[in-house]
Amino acid sequence: MSATDPRLRQIKIKTGVVKRIGKEKTMYGKEVLKEEERLEKFKTEGKDEHDIRKQEEVLQESKMMIPDCRRRLMAAHEELTKMLEEEADLNETEEFKAAQEVLEDASKQLAEVQ
């Protein structure tokens, strides 16, 4: 099992995909909270109705991204899980172990209620 084994490279790529989508989902969650606070601030400050409606649109766009990220994370999670099952003979490699850790983190994110 050399470092140039194409299976290791694929595991590394798929691990990166799961990790990136997980970060994206977290970022959108934080963005929703920030935009909700901003909207409340606009309302309490008595901002113009147009500004409030625009802020509501921004908030809705951010909220729409979370289910999309969740769906993509589920697909990437399933793909990486399947690959690790198929390539179980590589379970002693760093890439395999890193992939398992990323899958655990992604599983926690998928378990979160949205």
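Residues numbered from 1 in each chain as written. Predicted model: local features only at pLDDT ≥ 70, side-chain atom pairs only at ≥ 80, totals over all residues. Heavy atoms only, no water.

An unreviewed UniProt entry annotates the chain as Tubulin-specific chaperone A originating from Branchiostoma belcheri. According to the UniProt record, the Sequence similarities (unreviewed entry) comment for the chain reads "Belongs to the TBCA family." Quoted straight from UniProt, the Function (unreviewed entry) entry for the chain says "Tubulin-folding protein; involved in the early step of the tubulin folding pathway." (UniProt positions renumbered as here; feature names shortened; annotations may be inferred.)

Colleague: Would you mind going over the pattern of salt bridges with me for this structure?
Modeller: As a working rule, side chains carrying opposite charge can pair if their charged atoms are close by. Considering all chains together, one arrives at 14 salt bridges under this definition. Salt-bridge contacts for R7 lead to D5; the nearest nitrogen and oxygen are separated by 3.0 Å. For D5, a relative accessible area of 11% translates into the label buried. Among the salt bridges present, the one from E79 reaches K14, with a minimum N-O distance of 2.7 Å. Placement of the pair is E79 in helix α2 (residues 49–86) and K14 in helix α1 (residues 6–44), with a sequence separation of 65 residues. Each of the salt bridges in this network shares a partner with another, and the network as a whole consists of R20, E24, D68, R71 and R72. (Salt bridge = Lys/Arg side-chain N within 4 Å of Asp/Glu carboxyl O. Buried < 20%, exposed > 50% of the residue type's maximum accessible area, 1.4 Å probe, protein only. Helix = DSSP H or I, 4+ residues; strand = E, 2+ residues; numbered from the N terminus.)

Colleague: Honestly, the packing of α1 against α2 in this entry has me stumped. Any pointers?
Modeller: Two quantities define a packed helix pair, namely the angle between the axes and the distance from one axis to the other. Two elements in contact, α1 and α2, have axes whose closest approach is 8 Å; the angle formed by their N-to-C orientations is 160°. Accordingly, the angle class assigned to the pair α1 and α2 is roughly antiparallel. Along this stretch, α1 crosses α2, giving a crossing that reads as left-handed. Among the residues forming the contact of α1 with α2, the class breakdown is 19 nonpolar, seven polar and 16 charged. (Axes fitted to C-alpha atoms, helices over the stretch in contact; angles between N-to-C directions. Parallel < 35°, antiparallel > 145°, perpendicular 65-115°, else oblique. Left-handed = near helix turned anticlockwise from the far one by under 90°. Nonpolar A, V, L, I, M, F, W, Y, C, P; charged D, E, K, R; others polar.)

Colleague: Please clarify how the packing of α2 against helix α3 (residues 94–111) should be interpreted in this entry.
Modeller: One way to put it is that α2 packs onto α3 with a least axis distance of 10 Å and a crossing angle of 145°. Remark: the crossing between α2 and α3 carries left-handed chirality. Along the contact surface, α2 presents R70, L73, M74, H77, L80, T81 and L84, while α3 presents F96, A99, Q100, L103, A106, S107, Q109 and L110. For the contact of α2 with α3, the class distribution of residues is nine nonpolar, five polar and one charged. (Contact = heavy atoms within 4.5 Å.)

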